[in-house]
Amino acid sequence: VAKITPRKPVKGFDEFLGLDKIKAYLKEDVVEHWKNHTMNQREKHGIFLYGPEGVAKTTLVMSLIHELGATGFFFEPFKDFSIYNASNYKQHTEDIFRQVEEKDNVVVYFPAPVAFFPKDDSKISKKTRKYFLKALKKEMKRVRKLNLNVLFVAGTTAPDQVSMEAFGPDLFDDLIRIHHPDRHTRLAILEERLKDIPFEDDRMLNDLALRTHRYTTKELSRLCRSLRKVYDLYSKDLPKG
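Figured I'd write up the structure that's included with this text. (Residues numbered from 1 in each chain as written. Predicted model: local features only at pLDDT ≥ 70, side-chain atom pairs only at ≥ 80, totals over all residues. Heavy atoms only, no water.)

**Some words on a positive patch on the surface**
A contiguous patch of positive charge on the surface is contributed by Lys-8, Arg-222, Arg-225 and Lys-229. Tracing the sequence through the fold places Arg-222 in helix H8 (residues 217–236). Accessibility expressed as a relative area gives 41% for Arg-222, which makes it partly exposed. (Patch = residues over 30% accessible without salt bridge, like charges linked within 9 Å, V, L, I, M, F, W, Y side chains within 5 Å. Areas by Shrake-Rupley, 256 points an atom, 1.4 Å probe, with all protein chains shown as cover. Salt bridge = Lys/Arg side-chain N within 4 Å of Asp/Glu carboxyl O. Lys, Arg positive; Asp, Glu negative; His and termini not counted. Charge placed at Lys NZ, Arg CZ, Asp CG, Glu CD. Helix = DSSP H or I, 4+ residues; strand = E, 2+ residues; numbered from the N terminus. Buried < 20%, exposed > 50% of the residue type's maximum accessible area, 1.4 Å probe, protein only.)

Quick look at the structure:
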């Protein structure tokens, strides 16, 4: 497992555009417990984020890590998840959690929970899943006792493919759905990403926010990059002065 390396500068909740209700919930139910070192008193355990691809699930996790002042780790899927490698991934899991317990404030992120908890996959037997689940629960419980501030988060685009085993006690029992950005969020993103472009009409961004209904955050970012490229090409041909 590797420490989370942000693909772009990490922003705290105040600079993270959108998902206001979810951020408010996390501030009240996670950040406050974290600051008071009372995570063990929190009713829910692991957080399970789900929603379409490109709605900023991983960005939200990195923003939460920034907000908590924590160290983040990815828990990547095993390359060969089979009973024949049971001892290997058991040892690998223990090695990962030894790294986790060395830190005071840690968020462990599972970016592909389907790989560990498939709903129905003939390639992964029930015996294998049961073996891994037992090892994972044991390590998570042990680390929670050693470390007052530790949080486990998972994120997926396909919650229907995840086995119900993942949502059991002490695992990921706090389900949070991440939606497409609403109109106000889309407008805020457009204003931030295109603030240096002089539009002829101030209403153009409002119109664009309406036209991008059902766009994901990723698609909206891609659109902003395209518009900026067009503007940069066009501005080169404008007469100077």
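Having seen the structure, we can now continue with the description.
**Quick word on the environment of Gly-69**
Of note, Gly-69 is situated in the loop between helix H2 (57–68) and strand E2 (71–74). For Gly-69, a relative accessible area of 57% puts it in the exposed group. Distance from Gly-69 to Trp-34, taken between C-alpha atoms, is 9.8 Å for residues 35 residues apart in sequence.

**Topic: the layout of surface pockets**
In this approach, a probe sized like a water molecule rolls over the atoms, and the result shows the empty space that is left. As a volume, the largest pocket reaches approximately 1,100 Å³. Around the largest pocket, the lining comprises 42 residues; the ones closest to its centre are Phe-16, Val-55, Ala-56, Thr-59 and Thr-217. Among the secondary structure elements, those contributing two or more residues to the lining of the largest pocket are helix H1 (20–35), H2, strand E4 (149–156), helix H6 (183–193) and H8. Class assignment of the residues belonging to the lining of the largest pocket gives a composition of 13 nonpolar, 14 polar and 15 charged. Volume-wise, the second largest pocket comes out at about 350 Å³. Lining the second largest pocket are 12 residues, with Ile-197, Pro-198, Phe-199, Met-204 and Tyr-231 sitting closest to its centre. Mapped by element, the contributors of at least two residues to the lining of the second largest pocket are helix H7 (203–211) and H8. (1 Å grid on protein atoms, 1.4 Å probe; cavity = no way out; pocket = protein on both sides within 12 Å on 5 of 7 lines; lining within 4 Å. Points joined across faces, edges and corners; volume = space filled by probe spheres on them. Nonpolar A, V, L, I, M, F, W, Y, C, P; charged D, E, K, R; others polar.)

**What to know about the pattern of salt bridges**
Per the stated rule, a full pass over the model turns up 12 salt bridges. Across the pair Asp-174 and Arg-42 runs a salt bridge whose closest N-O atoms are separated by 2.5 Å. Taken as a pair, Asp-174 in strand E5 (residues 174–177) and Arg-42 in the loop between H1 and strand E1 (47–50) lie far apart in primary sequence, 132 residues in all. In this structure, Asp-174 and Arg-42 share a single accessibility class: buried. The salt bridge partner of Glu-101 is Arg-142, with a shortest N-O separation of 2.5 Å. Taken together, the residues Glu-101 in helix H3 (residues 86–101) and Arg-142 in helix H5 (residues 126–146) connect sequence positions 41 residues apart. Under the relative-accessibility criterion, Arg-142 is labelled partly exposed at 28%. Through salt bridges with shared partners, a single network forms among Lys-11, Glu-192 and Arg-193.

By themselves, these figures tell us nothing about what the structure is for.
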